[in-house]
Structures are given as C-alpha cells and as structure tokens.
Amino acid sequence: MSRIGKRPITLPAKVTVAINGQEVVVKGPKGELSRVLPAGVTIETEGDTVTVNRVNDSRMARERHGLCRTLVANMVEGVANGFQRRLEIQGVGYRAAVQGKNLNLSMGYSHPVLIEPPDGIQFQVENNTNVIVTGIDKEIVGNTAAKVRAVRPPEPYKGKGIRYQGEAVRRKVGKTGGKGKK
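Residues numbered from 1 in each chain as written. Predicted model: local features only at pLDDT ≥ 70, side-chain atom pairs only at ≥ 80, totals over all residues. Heavy atoms only, no water.

(A) Representation of the overall build of the chain within the structure. The number of helices and strands found in the chain is two helices and 13 strands. Seen through its principal axes, the chain has C-alpha atoms that stretch 80 × 45 × 25 Å. Burial analysis of the chain (182 residues in total) assigns 35% to the buried set. Accessible surface, the chain: about 11,400 Å² in total, of which carbon and sulfur atoms supply 48%. Side-chain charges in the chain split into 30 positive and 16 negative, and the spacing between the mean points of these groups amounts to 15 Å. (Helix = DSSP H or I, 4+ residues; strand = E, 2+ residues; numbered from the N terminus. Buried < 20%, exposed > 50% of the residue type's maximum accessible area, 1.4 Å probe, protein only. Areas by Shrake-Rupley, 256 points an atom, 1.4 Å probe, with all protein chains shown as cover. Lys, Arg positive; Asp, Glu negative; His and termini not counted. Charge placed at Lys NZ, Arg CZ, Asp CG, Glu CD.)

Structure, rendered in structure tokens:
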C-alpha cells in the first residue's frame, strides 16, 4: 500500500469537496479548482476527511494512488492558503517591475522582457530584485516561476541571473590569467 496514498486528507474550515465520478471540485476562500483524476483510483469523503483508494492492485492503480492523493491534497491546500514561489534577481542593472498584471524584466538584453501571467496568477516585486509568483494552483505557480527563471538562468561564473530563493548555484573557477606561450 502506498504510504502517501493511504493517508487521509483533512479539510480545513470553509473548504468543500464535490465528487462527480472521476472529477473532483474543491472550493474554498481563495477560489475553486477542479481536476479529473485518472482511472484506477476512487475518492471518498467522510465528514471533514477525504480518502483516495485504489480500485484494485494492478500496477497502474498502485502507480496512481499516491499521485492522486497528492494532487487532491494540493488542491485543498491551494484553495485554503494558496501557493507562492519566490525568485531572486542578481546582477548589476538587472531588475523587475510590475506593469498592470504583467511582469517587466530588465535582464541585460537589448529589450525588456514582458511576461503575461496565466489566469489565477499574480506577480509581486519587492526591492526591484525579488519576484513573488502567487496563485492557488501549485502546478501553474511552479510552471510560471520556471518560465520567469528561464529568461536569464543563473550562470556558473559570476552567479548572475534569476534564481529561486535559497537555490544554490554551483560556481566554476574562471580563467587563471597565467602566462601563455612566448
């Protein structure tokens, strides 16, 4: 039995779960999320707990058991509290700003990079160098943060670029500057 899959999900206050076949709809104070779970698992609610069970012990059902439980738990967490990813910008002249809903990045290119957020995602900028991506869907928040990071990933020689908060960048040693051939 999957150690993750067999754990029940406790619903916080003001969060409701509606099940229609394989479709799960979670509503909470931050919004509403829905997802169709794959075949091989069933979902049941009892009071303020939700459990995800396997239909049988086939390999496919075992593989999807823990995944589906985690997907539902992330939906519950998202509509209750929301998710956020923090990004740090390092480098001279690199900065970010919010224009309306869009994120405007000045990353040393000949033009500013404008990123439009998907539905349900908001950008915030602190001190021109810290970008916060917030939303209720963990998958979309992570993908959007990855797209922002991909504009200028951290380079290994000076560490300049956009990185996740707390991300360790492996540094390389540059040229030694010793004498060459005469």
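The discussion continues.
(B) Structural view of the sheet that holds strand β7 (residues 83-90). Ordered in space as β11-β12-β7-β13, the four strands form an open sheet in which the pairing is antiparallel. Bordering the open sheet on either side are β11 (122-126) and β13 (161-164), each of which pairs with just one other strand. Ignoring which end each strand starts from, the neighbouring axes of this sheet average 25° apart. Taken together, the four bridges between β7 and β13 define a ladder with antiparallel strand orientation. Its bridge partner lying in β13, L87 is registered against Y164. Taken strand by strand, helix α2 (residues 138-150) contacts β7, β11, β12 (130-135) and β13, and its axis lies near 10° from that of β7. (Pairing = 2+ DSSP bridges. Axes fitted to C-alpha atoms, helices over the stretch in contact; angles between N-to-C directions. Contact = heavy atoms within 4.5 Å.)

(C) Region of interest: helix α1 (residues 59-80). Its 22 residues give α1 an end-to-end C-alpha distance of 33 Å, which sits within 8% of 32 Å, the value for a rise of 1.5 Å per residue. Helix geometry: α1 is bent most strongly at H65, by close to 30°. Those residues of α1 lying buried are A61, H65, G66, C68, R69, V72, A73, M75, V76, G78, V79 and A80. Structurally, α1 contributes buried residues whose contacts are with β1 (9-10), β3 (23-28), β4 (31-36), β5 (41-46), β6 (49-54) and β7. Downstream of α1 by one or two residues, G82 has phi in the positive range, about 85°. (Expected span 1.5 Å × (residues − 1). Bend = angle between axes of the 7 residues up to and from the residue.)

(D) Local environment of α2. Along its 13 residues, α2 runs 18 Å from first to last C-alpha, staying within 8% of the 18 Å computed at 1.5 Å per residue. Those residues of α2 lying buried are V141, T144, A145 and V148. One face of α2 carries all of its buried residues, which in axial projection span an arc of 100°. Exposed side of α2, more than 90 degrees from the buried face: K147 and A150 are the residues found there. Against the buried residues of α2 lie β7, β9 (102-106), β10 (113-115), β11, β12 and β13. Sitting at the amino-terminal end of α2 is D137, which places a side-chain oxygen 3.2 Å from the backbone nitrogen of E139. (Arc of directions from axis to C-beta. Polar contact = N/O pair within 3.5 Å; in protein donor to acceptor, adjacent residues only side chain to side chain.)

(E) Up close: the side chain of D137. Counting through the fold element by element, D137 comes out in the loop between β12 and α2. Buried charge D137 goes without a salt bridge, the closest partner of opposite sign being R35 at 4.6 Å. Residue contacts for D137: discarding those within four places in its chain leaves L33 and F83. (Salt bridge = Lys/Arg side-chain N within 4 Å of Asp/Glu carboxyl O.)

(F) Broad picture of the packing of aromatic side chains. In the structure shown here, the tally under the stated rule is zero aromatic pairs. One residue, R85, lies across the ring of Y164, its end atom 4.4 Å from the ring centre. When the ring centre of Y109 is taken as reference, the NZ or CZ atom of R152 above it lies at 4.4 Å. (Phe/Tyr/Trp six-rings, centres within 6.5 Å; stacked < 30°, edge-to-face > 60°. Lys NZ or Arg CZ within 6 Å of the ring centre and 35° of its normal.)

(G) Spotlight on the pattern of salt bridges. Tallied over the full model, the rule gives five salt bridges. A salt bridge links D57 to R54, with the shortest nitrogen-to-oxygen separation between them at 3.0 Å. With its nearest N and O atoms 3.6 Å apart, the salt bridge here joins E126 to R86. Within this pair, whereas E126 is found in strand β11, its partner R86 is found in strand β7, the two being separated by 40 residues in sequence.

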